[in-house]
Amino acid sequence: MAGRRVALKSVDWLAFAERVPPNQRSMFNALKTRSDAIAAKLNSLPEAPAAIDWSVYRSTVAKAGMVDEFEKKFKALVIPEPTDTQTSAINAQQAESNKSASVYIEGSKARIAQYEQELDKFKNMIPFDQMTIEDLNDTFPETKLDKVKYPYWPHKPIADL
Amino acid sequence: MLSRLVIVSAAGLKSSSPLGAGLVQASRSLHTSSQSLAPVPALPEKGGKVRHGIFPDEIFQLLYPKTGVTGPYMLGTGLLLYMLSKEIYVINHETFAAASIGAVIIYGVKKFGPSVAAFADKLNEEKVSKAQEVKDVAVASLAQAVEDEKKEQWRAEGRSMLFDAKRNNVAMLLETNFRERLHMVTNEVKRRLDYQVALQNLHIRMEQEHMINWVEKNVISSITPQQEKESIAKCITDLNALAKATQATAVA
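Residues numbered from 1 in each chain as written. Chains lettered and ligands numbered in written order. Predicted model: local features only at pLDDT ≥ 70, side-chain atom pairs only at ≥ 80, totals over all residues. Heavy atoms only, no water.

Our next topic: the nonpolar core. In this structure, Ile-52, Trp-54, Tyr-57, Val-67 and Phe-74 of chain A together with Val-189 and Leu-193 of chain B are the most contacted members of the largest nonpolar core, which totals 14 residues. At the level of secondary structure, the elements contributing two or more residues to this core comprise helix 3 (54–60) and helix 4 (66–76) of chain A together with helix 5 (159–222) of chain B. For this core, the leading source of residues is helix 5 of chain B, giving six residues. Sequence-distant contacts of Val-189 of chain B, defined by excluding residues within four places in its chain, comprise Ile-52, Trp-54, Phe-70 and Phe-74 of chain A. Formed by twelve residues, the second largest nonpolar core is a distinct cluster that contains Tyr-115 and Phe-128 of chain A together with Ala-138 and Ala-145 of chain B. (Core = buried A, V, L, I, M, F, W, Y, C linked by side-chain atoms within 4.5 Å. Buried < 20%, exposed > 50% of the residue type's maximum accessible area, 1.4 Å probe, protein only. Helix = DSSP H or I, 4+ residues; strand = E, 2+ residues; numbered from the N terminus. Contact = heavy atoms within 4.5 Å.)

Structural data, given as structure tokens:
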């Protein structure tokens, strides 16, 4: 009946706090308070309860055999451990979160590739002071004037000027 | 301009040394296609070199090998004299008008040219700097976006901590619950034992009280009226004796 040691994985709350995105900060704080409360409660309970001094009772209680019976039954009593129903749920949650996070990271990498491509375009283009109009139109296609659709100057709708 | 290009390219073919520093595009030899993949050279900032404000330097360079340094001037003077003497070019009132207009134009260009050029340059530079600013902002925001994405990825990597914390909480709750059960069992057993002790103490006390009461009652009921009278008479005689004894001591 000796208390078992809980296998706790230590959580570095400082590093954890650093990684929390700003929009989930309140949720993180709630989790932290809850965890702290649980830990405090666990720490307030001693691991083994105060032992019963059987010899005192044996000498005090007159009825013969009663204390012995108490002791025997108390020693024989096995206290059931509470069943764990949440770990499997947490594992499922983690698997799901892993999946969504990997999807997110894939998307993020794709976005980074796109950004870098645009950055490359900016870095490799001809400097503005050495550009001709054709170079400008090649680099930024939106600056090209559509002379077929708007045959007269300024070759674009007046509203866009 | 095209005629000048022909002259320039001819000179370029003849002597491979580059002639006009300004005409970069034109100083390349024609009829070659191997440079199509080469990066486009920068646009010239200034026009080609000219002499006396109008005659391209390339003409002089072209004529020097054949005629020496006075050759171009000799050619020009000879051509002019030839045109005048054969009346190909006739000096009439229009020539004077052209000279006057030319003088005024040259004066205007010399006088106002630099400031107009500065103004035009300023307009152009404003445009370019605006475009450059937009480009810088775009580059900075893109770099920032890349940075943010990487940071978000790093944050997403930290999710295992959340689940560690959750599992810890569950484990701690289970342990707390188990300990509470242990404490409850021990306390209950202890309370029952204490109850037994208290019950026993109560029994002993009540037995004692009952025994005292019973003995008292029996003693009282065993006393007969005769005994009572005798004892009262005895008490009275005792009191008398006591009274006499105290009187005697008080007198003495």
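By the definition in use, this model includes twelve salt bridges over all chains. It is possible to trace a salt-bridge network through shared partners that takes in Glu-188, Arg-191 and Arg-192 of chain B. (Salt bridge = Lys/Arg side-chain N within 4 Å of Asp/Glu carboxyl O.)

Before going further, it helps to examine the packing of helix 4 of chain A against helix 5 of chain B. Viewed as axis vectors pointing N to C, helix 4 of chain A and helix 5 of chain B meet at an angle of 175°, and their least axial separation amounts to 12 Å. If you check the angle between helix 4 of chain A and helix 5 of chain B, you find them roughly antiparallel. In this structure, helix 4 of chain A uses Met-66, Val-67, Phe-70 and Phe-74 of chain A to contact helix 5 of chain B, whose residues at the interface are Val-185, Thr-186, Val-189, Arg-192, Leu-193 and Gln-196 of chain B. When grouped by side-chain class, the residues that make up the contact of helix 4 of chain A with helix 5 of chain B number seven nonpolar, two polar and one charged. (Axes fitted to C-alpha atoms, helices over the stretch in contact; angles between N-to-C directions. Parallel < 35°, antiparallel > 145°, perpendicular 65-115°, else oblique. Nonpolar A, V, L, I, M, F, W, Y, C, P; charged D, E, K, R; others polar.)

Residues and elements named next belong to chain A. Per the counting criterion, the structure on display carries seven aromatic pairs over all chains. Here the aromatic rings of Trp-13 and Phe-28 are separated by 6.0 Å at their centres, their planes lie at 50°, and the arrangement is tilted. Taken as a pair, Trp-13 in helix 1 (residues 13–19) and Phe-28 in helix 2 (residues 25–44) lie far apart in primary sequence, 15 residues in all. Residue Trp-13 shares its accessibility class with Phe-28, and that shared class is buried. Ring geometry for Phe-16 against Phe-28: centres 5.0 Å apart, planes inclined by 80°, an arrangement best described as edge-to-face. Residue Phe-16 is located in helix 1, and its partner Phe-28 is located in helix 2; the two are separated by twelve residues in the primary sequence. (Phe/Tyr/Trp six-rings, centres within 6.5 Å; stacked < 30°, edge-to-face > 60°.)

All names here are of chain B. Averaged over all residues, the pLDDT of chain B is 84; the fraction at 70 or higher stands at 85%. No element of chain B has a lower mean pLDDT than helix 1 (residues 2–14), at 50, and none a higher one than helix 3 (residues 71–85), at 94. Every residue in residues 10–27 is under pLDDT 50, and counting partners more than four places away or in other chains gives 16 contacts. (pLDDT = per-residue confidence, 0-100.)

In this section: the interface of chain B and chain A. If you look at the interface, chain B gives 56 residues, while chain A gives 71 residues. A buried area of about 6400 Å², summed over both sides, lies between chain B and chain A, and 69% of it is on carbon and sulfur atoms. Broken down residue by residue, the surface that chain B buries against chain A is led by Phe-178, Arg-179 and Leu-193 of chain B, which jointly contribute 10%. Inspection of the region where chain B meets chain A yields two salt bridges. In this structure, the salt-bridge partner of Lys-41 of chain A is Glu-180 of chain B, at a minimum N-O distance of 3.2 Å. Counting every contact that joins chain B to chain A gives 15 residue pairs in polar contact (both at pLDDT 80 or more). Of all elements in the fold, only helix 4 (93–157) and helix 5 of chain B reach the threshold of two or more residues within the side of chain B that touches chain A. Among the elements that take part in the side of chain B that touches chain A, helix 5 of chain B stands out by supplying 35 residues, more than any other. Considered class by class, the residues forming the side of chain B that touches chain A number 27 nonpolar, twelve polar and 17 charged. (Buried area = accessible area lost by both parts, 1.4 Å probe. Polar contact = N/O pair within 3.5 Å; in protein donor to acceptor, adjacent residues only side chain to side chain.)

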